[in-house]
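The primary structure of each chain is shown beneath.
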Amino acid sequence: SIKTYTHSLNRCSEWSDKPLSSITLFMTNKLLESLPASTSIETRSLLIQIFDLAISKGLVTENPAAQTIKRFRVKQRKRHTLEGLAKIRDASPQWLKNAIDLAMLTTQRRVDIINMKWTDIVDGYLHVAQQKTTDDPEDEFELLEGAGYVRIKVNAELQAVLDRCKDNVLSPFIIHRVPKGKTKNKSQLKEHWSQVEAPYVSREFQKALQISNAYPDLSGRQLPSFHEIRALSIH
């Protein structure tokens, strides 16, 4: 958040020597329209907060940022198809196949998939404490659903996936892997040496996507990521 705010403020550097009361709607529009859509939305959000606070302190009487029209992102990334995801799955290592299956059956985000533990399965339910994070600020389900605590019934189909996740690695995490050159104290940031980190999931998924050539008509930012499994699952 601090980095995001700092970047947004840096974009307003031309106003650094001006009192807030001198910043007009015209000036605010000019700044926001000069930025890419995603950046404009971030900057507008922070400016609205700043001017709201300034109003509460009696420094200004109006919020010019709130009077601007919010820009809309043109989403380039496409959705997965069942056929495309199946090809990616076939080209994936076993731990990633398990992660894909869990994502499809539970509709949970990447970060929640890799944080699932065996101890989260209680009385026939998989309990998930969702983290309110997402790779994709355009996640259409984010505002609708938000984060929270959910429990998912372990039916026969989900149990079959959980059984495939059990192997000869004694890991507290349902999704886990043996890293190359494994040492049990290799990473101080990990809770356990077998824990899979979120960026690694994305990199390996993209690698499998490229190998499988699942979407030959798409390229660059159009290619769907692991995150889009959630949309396909909910659909």
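The model shown is predicted, which means the values in this text are computed figures rather than measured ones.

Peer 1: Honestly, the overall build of the protein chain in this entry has me stumped. Any pointers?
Peer 2: Looking only at helices and strands, the protein chain has 10 helices and 3 strands in total. The N-to-C order of helical and strand elements in the protein chain reads α-α-α-α-α-α-β-β-α-β-α-α-α. A buried classification covers 41% of the 235 residues belonging to the protein chain. Looking at the protein chain as shown, the accessible area adds up to about 14100 Å², and 53% of this sits on carbon and sulfur atoms.

Peer 1: Even after reading the chapter, I still don't get the pattern of salt bridges, so can you show me in this structure?
Peer 2: When the charged atoms of two side chains with opposite charge come close together, those side chains can pair. Inspection of every chain in the model, using the stated rule, returns 6 salt bridges. With a shortest N-O distance of 2.9 Å, E228 and R77 are connected by a salt bridge. Of this pair, E228 sits in helix α10 (residues 228-234) while R77 sits in the loop between α3 (37-56) and α4 (82-90); the two residues are 151 residues apart in sequence, bridging distant segments of the chain. Under the relative-accessibility criterion, E228 is labelled buried at 4%. The partner of D101 in a salt bridge is R89, and the shortest N-O contact between them spans 2.8 Å. Here R89 lies in helix α4 and D101 lies in helix α5 (residues 94-106), a separation of 12 residues in the sequence. Since its relative accessible area comes to 22%, R89 is described here as partly exposed. The structure contains a network of salt bridges with shared partners spanning R89, D101 and R164.

Peer 1: Quick question: what am I supposed to make of the layout of surface pockets here?
Peer 2: Take a probe with the size of a water molecule and roll it over the atoms, and the empty space left behind shows itself. Its boundaries defined by the atoms lining it, the second largest pocket holds a volume of some 370 Å³. Those elements that provide at least two residues to the lining of the second largest pocket are α1 (2-11) and α3. A class-by-class count of the residues in the lining of the second largest pocket yields 4 nonpolar, 5 polar and 4 charged.

Peer 1: I keep staring at the environment of R151 and nothing clicks. Help me out?
Peer 2: Here R151 is to be found in strand β3 (residues 149-153). Sequence separation between R151 and Y125 is 26 residues, and the spatial gap between their C-alpha atoms is 5.8 Å. Apart from the residues lying within four places of it in its own chain, the contact partners of R151 are Y125, L126 and H127.

Peer 1: Would you mind going over the packing of α4 against helix α9 (residues 198-212) with me for this structure?
Peer 2: How two helices sit against one another is set out by the angle between their axes and by the gap between those axes. Relative to each other, α4 and α9 sit at 105°, their axes nearing to 8 Å. As the angle between them shows, α4 and α9 are arranged roughly perpendicular. In this structure, α4 contributes L85, K87 and I88 to the contact, and α9 contributes F205, A208, L209 and S212. Each residue belonging to the contact of α4 with α9 can be placed in one class, and the counts come to 5 nonpolar, 1 polar and 1 charged.

Peer 1: Help me understand the packing of aromatic side chains in this model?
Peer 2: Centre-to-centre distance and the angle between the planes together describe a pair of aromatic rings. Scanning all chains against the criterion turns up 2 aromatic pairs. Each ring, one from W95 and one from Y200, has its centre 5.7 Å from the other, and the planes form 25°; the classification is stacked. Of this pair, W95 sits in helix α5 while Y200 is found in helix α9, placing the two residues 105 residues apart along the sequence. Aromatic pair F205 and F226: ring centres 5.7 Å apart, planes at 85°, arrangement edge-to-face. In this pair, F205 is assigned in helix α9 and F226 in the loop between α9 and α10, connecting sequence segments 21 residues apart. Both residues of the pair, F205 and F226, belong to the buried class. Here the guanidinium or amino end of R151 rests over the ring plane of Y125, the centre of that ring lying 4.0 Å away.

Peer 1: Would you mind going over the sheet that holds strand β2 (residues 125-129) with me for this structure?
Peer 2: Within a sheet, adjacent strands bond to each other through the backbone by hydrogen bonds, running parallel or antiparallel. With antiparallel pairing, the 3 strands of this open sheet are ordered in space as β1-β2-β3. With one partner strand each, in any of the chains shown, β1 (121-122) and β3 form the two edges of the open sheet. Pairing of β1 with β2, which is carried by 2 bridges, proceeds in the antiparallel orientation. Among the inter-strand pairings, V122 is bridged to a residue of β2, identified as Y125.

Quick notes on the rules
- Residues numbered from 1 in each chain as written.
- Predicted model: local features only at pLDDT ≥ 70, side-chain atom pairs only at ≥ 80, totals over all residues.
- Heavy atoms only, no water.
- Helix = DSSP H or I, 4+ residues; strand = E, 2+ residues; numbered from the N terminus.
- Buried < 20%, exposed > 50% of the residue type's maximum accessible area, 1.4 Å probe, protein only.
- Areas by Shrake-Rupley, 256 points an atom, 1.4 Å probe, with all protein chains shown as cover.
- Salt bridge = Lys/Arg side-chain N within 4 Å of Asp/Glu carboxyl O.
- 1 Å grid on protein atoms, 1.4 Å probe; cavity = no way out; pocket = protein on both sides within 12 Å on 5 of 7 lines; lining within 4 Å.
- Points joined across faces, edges and corners; volume = space filled by probe spheres on them.
- Nonpolar A, V, L, I, M, F, W, Y, C, P; charged D, E, K, R; others polar.
- Contact = heavy atoms within 4.5 Å.
- Axes fitted to C-alpha atoms, helices over the stretch in contact; angles between N-to-C directions.
- Parallel < 35°, antiparallel > 145°, perpendicular 65-115°, else oblique.
- Phe/Tyr/Trp six-rings, centres within 6.5 Å; stacked < 30°, edge-to-face > 60°.
- Lys NZ or Arg CZ within 6 Å of the ring centre and 35° of its normal.
- Pairing = 2+ DSSP bridges.

Shape descriptors only; they carry no functional weight alone.
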